[in-house]
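# Structural characterization, general
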Amino acid sequence: MSEPVLAETAAPAGMLADLRAGLSLPQKELPPKYFYDVRGSELFEEITRLPEYYLTRTERGLLERWMPEWAAALRPRALVELGAGSAVKTRIVLDAMAEAGAAEVYVPVDVSAEFLADTAARLQAEYPSLRVVPAVADISEEFELPGGLPGPMLVAFLGSTIGNFAPAGAAALLRQVRGAMQPGDRFLMGVDLRKDPARIEAAYNDSRGVTAEFNRNMLRVLNREAGADFDADAFEHRAFYDPAEHRIEMHLVAPGAQTVRVPGVGEVRLAAGESIRTEISCKHDRASVAVLFAAAGLAVERWQTDDEGLYALVLGAPAE
Ligand code: TRP
């Protein structure tokens, strides 16, 4: 039997196109979806437990506080979750739906088929009478939500993932969600709010360096999957808040000049101090969410924040 031949270009076409486009911009950038291999997902789980990362625990508190009431009012029969996250928050929503007497179908939507299969199997085991219908989709592109679900449907988009989209992309995503909604359906969103930049910067630059490791993990993913030769350890993590754009940016900084070889892309040169942007996380307030919603044909029906005003849980309804 002959040895398998390794193609010169190891990257799947989409990844290659992303690398080509992102690394030829004046401000180099790479799409955040490449953070998440198994190690990346583990590091992210660790981020959500960091003392500085207030987002996850604040959102959980808000879900526990408000979901029973909101589910009782809506009695949703189907839950569609964009970016199937940790089972913890899903369980809070499903339990509230079950308590209200109406948890029939759960549709986790995620870009990773493998992660999705895990989530679906785990939830199915925990909720034997629930119909679990996983859907593979990249919500950063055009996507279809499965049709024919029993209504009312609740579409959940938690974890402040909306912030990882610039306003135009966020509006496009919400328009797609709105397009799949009937008048009685609702959209549940968790969103991180504008606040003291120091507090935000600490959340993305933790003292134990977990976020830095998470950031560098993207280069390891690209080395493995695209055959690139980034010296991941040589890049420094930088996260800073841009008050004009109301967003935190995460970068990987090359401390010294380097040349990276990316098969199918060529040689990519980085000057000393030059950076690759790997993530943005836009921070919102009630007005900016109302604007985003309006652009998508949604209206804010409920808005609740924690006592410190760090984070909001929002319920959106189709606008008239
Ligand atoms: N959406 C969350 C946020 O913006 C989670 C997240 C996405 C994140 N990418 C990240 C957290 C990178 C830390 C670092 O905070």
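Remember, it's a predicted structure, so these values are computed and weren't measured experimentally.

## Considerations on the layout of surface pockets
In this structure, the second largest pocket encloses a volume near 180 Å³. Around the second largest pocket, the lining comprises 13 residues; the ones closest to its centre are Pro-167, Arg-194, His-284, Ser-288 and Leu-292. Taken together, the residues that form the lining of the second largest pocket break down as 6 nonpolar, 3 polar and 4 charged.

## What to know about the nonpolar core
Counting residues in each nonpolar core, the largest one holds 69 residues, and the members touching the most others are Met-67, Leu-188, Tyr-204 and Phe-230. Examining the composition of this core, we find that 9 residues originate from one element, helix H3 (residues 54-74), more than from any other. The contacts of Phe-230, once residues within four sequence positions are left out, are Leu-23, Leu-219, Leu-222, Asn-223, Phe-235, Val-260 and Ile-276. The next biggest cluster of nonpolar side chains, apart from the first, holds 34 residues, and it includes Val-80, Val-107, Phe-165 and Met-189.

## Describing the site of the ligand
Taken together, 14 residues are adjacent to the ligand, and Tyr-53, Asn-164, Tyr-204, Glu-279 and Ser-281 come closest. Between a nitrogen atom of the ligand and a main-chain N or O atom of Ser-160, the distance comes to 3.3 Å. With respect to the ligand, the side chain of Ser-281 contributes an N or O atom lying 2.6 Å from an oxygen atom. For the shell around the ligand, the secondary-structure elements that each account for two or more residues are helix H8 (210-226) and strand S12 (275-282). Each residue belonging to the shell around the ligand can be placed in one class, and the counts come to 7 nonpolar, 6 polar and 1 charged.

## Focus: the packing of helix H2 (residues 38-48) against H8
Packing of H2 against H8 leaves a shortest axis separation of 9 Å and a crossing angle of 155 degrees. Taken together, the axis directions place H2 and H8 in an arrangement best described as roughly antiparallel. For the pair H2 and H8, the crossing hand works out as left-handed. Only Val-210, Thr-211, Glu-213, Phe-214 and Asn-217 of H8 make contact with H2, whose side of the interface consists of Arg-39, Gly-40, Leu-43, Phe-44, Glu-46 and Ile-47. Its residues assigned to classes, the contact of H2 with H8 comprises 5 nonpolar, 3 polar and 3 charged.

About the criteria used
- Residues numbered from 1 in each chain as written.
- Predicted model: local features only at pLDDT ≥ 70, side-chain atom pairs only at ≥ 80, totals over all residues.
- Heavy atoms only, no water.
- 1 Å grid on protein atoms, 1.4 Å probe; cavity = no way out; pocket = protein on both sides within 12 Å on 5 of 7 lines; lining within 4 Å.
- Points joined across faces, edges and corners; volume = space filled by probe spheres on them.
- Nonpolar A, V, L, I, M, F, W, Y, C, P; charged D, E, K, R; others polar.
- Core = buried A, V, L, I, M, F, W, Y, C linked by side-chain atoms within 4.5 Å.
- Buried < 20%, exposed > 50% of the residue type's maximum accessible area, 1.4 Å probe, protein only.
- Helix = DSSP H or I, 4+ residues; strand = E, 2+ residues; numbered from the N terminus.
- Contact = heavy atoms within 4.5 Å.
- Near = heavy atom within 4 Å.
- Polar contact = N/O pair within 3.5 Å; in protein donor to acceptor, adjacent residues only side chain to side chain.
- Axes fitted to C-alpha atoms, helices over the stretch in contact; angles between N-to-C directions.
- Parallel < 35°, antiparallel > 145°, perpendicular 65-115°, else oblique.
- Left-handed = near helix turned anticlockwise from the far one by under 90°.

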